[in-house]
Amino acid sequence: NSQGIFPAMGAADEYSFYAAKAYRISDDRRLYFKSIVDGKTPSLGYNIISFLCSIGMIRSVWTTNFDGLMVKSCHQNNITPIEVTLESQDRINQPEVQGELLCVELHGDYKYGPLKNSTEELDTQREKFVSALIHELTNRNLIVIGYSGRDKSLMDALRQAYAVSGSGRLYWCGYGSNIPDSVQELIMIAREHGRTAFYTPTDGFDRTMLNIGQVC
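Residues numbered from 1 in each chain as written. Predicted model: local features only at pLDDT ≥ 70, side-chain atom pairs only at ≥ 80, totals over all residues. Heavy atoms only, no water.

1. Let's talk about the overall build of the protein
Now for step 1: A count of helical and extended segments in the protein gives nine helices and six strands.
Now for step 2: Here the C-alpha radius of gyration of the protein, 17 Å, is about what a compact globule of 216 residues would show, namely 17 Å.
Now for step 3: Looking at the protein as a whole, 44% of its 216 residues qualify as buried.
Now for step 4: Of all intrachain contacts in the protein linking residues separated by at least 6 positions in sequence, the fraction that spans at least 24 positions is 69%.
Now for step 5: Accessible area of the protein: about 11800 Å², with a carbon and sulfur share of 52%. (Helix = DSSP H or I, 4+ residues; strand = E, 2+ residues; numbered from the N terminus. Rg over C-alpha atoms; globule rule 2.2 N^0.38 Å. Buried < 20%, exposed > 50% of the residue type's maximum accessible area, 1.4 Å probe, protein only. Contact = heavy atoms within 4.5 Å. Areas by Shrake-Rupley, 256 points an atom, 1.4 Å probe, with all protein chains shown as cover.)

2. Details of the pairing of strand E6 (residues 197-202)
Now for step 1: As paired elements, strand E5 (residues 170-175) and E6 share six bridges and run parallel to each other. Within E6, the residue paired with Gly174 across the bridge is Pro201. (Pairing = 2+ DSSP bridges.)

3. Observations regarding the sheet that holds E6
Now for step 1: Read across the sheet, three strands follow the order E4-E5-E6 without closing on themselves; strand pairing throughout is parallel. For this open sheet the edge positions go to strand E4 (142-145) and E6, each flanked by a neighbour on one side alone. The sheet shows a mean angle of 20° between the axes of neighbouring strands, direction not considered. (Axes fitted to C-alpha atoms, helices over the stretch in contact; angles between N-to-C directions.)

4. Quick notes on the layout of surface pockets
Now for step 1: Considering only enclosed or pocket space, the largest pocket measures out at about 1100 Å³ in volume.
Now for step 2: Lining of the largest pocket is provided by 42 residues; of these, Ser60, Val61, Trp62, Leu142 and Ile143 occupy positions nearest its centre.
Now for step 3: Breaking the lining of the largest pocket down by element, the ones donating at least two residues are helix H3 (44-54), strand E1 (60-63), helix H4 (69-76), strand E3 (100-105), helix H6 (127-138), E4, helix H7 (152-162) and helix H9 (205-215).
Now for step 4: Residue composition of the lining of the largest pocket, grouped by class: 28 nonpolar, eight polar and six charged. (1 Å grid on protein atoms, 1.4 Å probe; cavity = no way out; pocket = protein on both sides within 12 Å on 5 of 7 lines; lining within 4 Å. Points joined across faces, edges and corners; volume = space filled by probe spheres on them. Nonpolar A, V, L, I, M, F, W, Y, C, P; charged D, E, K, R; others polar.)

5. Concerning H4
Now for step 1: All of the buried residues in H4 are Leu69, Met70, Val71, Ser73 and Cys74.
Now for step 2: Lining the buried residues of H4 we find H3, E1, strand E2 (80-84) and E3.
Now for step 3: Positive phi shows up at Asn78, right after H4, with a value of about 60°.

6. Things to note about the pattern of salt bridges
Now for step 1: Summed over the entire model, instances satisfying the criterion amount to eight salt bridges.
Now for step 2: Salt-bridge contacts for Arg159 lead to Glu185; the nearest nitrogen and oxygen are separated by 3.8 Å. One end of the pair, Arg159, is in helix H7; the other, Glu185, is in helix H8 (residues 181-192), and 26 residues separate them in sequence.
Now for step 3: Overall, the relative accessible area of 40% leaves Glu185 in the partly exposed class.
Now for step 4: Residue Asp203 pairs with Arg207 through a salt bridge whose shortest N-O separation is 3.4 Å.
Now for step 5: A residue is classified by how much of its surface remains accessible, and Arg207, at 48% relative accessible area, is partly exposed. (Salt bridge = Lys/Arg side-chain N within 4 Å of Asp/Glu carboxyl O.)

7. A look at a nonpolar patch on the surface
Now for step 1: A grouping of Tyr23, Tyr32 and Ile36 is seen on the molecular surface, where their side chains present a nonpolar patch of about 250 Å² in accessible area.
Now for step 2: Within the secondary structure, Tyr32 sits in helix H2 (residues 26-37).
Now for step 3: The class for Tyr32 is partly exposed, based on a relative accessible area of 34%. (Patch = residues over 30% accessible without salt bridge, like charges linked within 9 Å, V, L, I, M, F, W, Y side chains within 5 Å.)

8. A few points about the packing of H3 against H4
Describing two packed helices takes the angle between their axes plus the distance from one axis to the other.
Now for step 1: For the pair H3 and H4, interaxial distance at closest approach is 9 Å and the crossing angle is 55°. Between H3 and H4, the crossing angle belongs to the class labelled oblique. Relative to H4, the crossing made by H3 is right-handed. Contacts between H3 and H4 involve Tyr46, Asn47, Ile49 and Ser50 from the former and Leu69, Met70, Ser73, Cys74 and Gln76 from the latter.
Now for step 2: Taken together, the residues that form the contact of H3 with H4 break down as five nonpolar, four polar and no charged. (Parallel < 35°, antiparallel > 145°, perpendicular 65-115°, else oblique. Left-handed = near helix turned anticlockwise from the far one by under 90°.)

Remember that the coordinates give geometry; whether it matters functionally is a separate question.
Below is the structure:
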């Protein structure tokens, strides 16, 4: 911080800045992140999502992660994942089938193409993803969990989705009680357009999914 040439601690562009600064070549970033996620297994929360899909309570997962853990959990729990990346966008409009889970990877995936993790890459969400997200959220509830709301392009897409009328609710499950400005703005936009929207403080992904699973 004292050097004055880096983002301040907690800045919105911290992650994308350091990803590109540390590994300037996209393929080097791919290999670095691959080394982190290789061999990892899905935690309890992922497996509960697979279970809720099997009983028809969750239809899709939209993730900014590129660790492949949701897809791996599906395979382990006899759920068929329908993977949608920037390279396979057309799958996003497939009809729903019981026992299948639509897994939309908003930032790409290291198995299929360059990671979407630099500022330039993060700001190029494809229009097909945005229109599909708006359609999905019109009359379906969205639970956001494990996401900071820092990605400008994705937050813009969510603002578009909740700036239209619909019955789909928004439950933003944050870590702790501090609501980021971008999330507070999204909730206000949703409410101004007649949508039901809440911020719910939580103590983490797995514990929250366990609570949801017990209720369901």
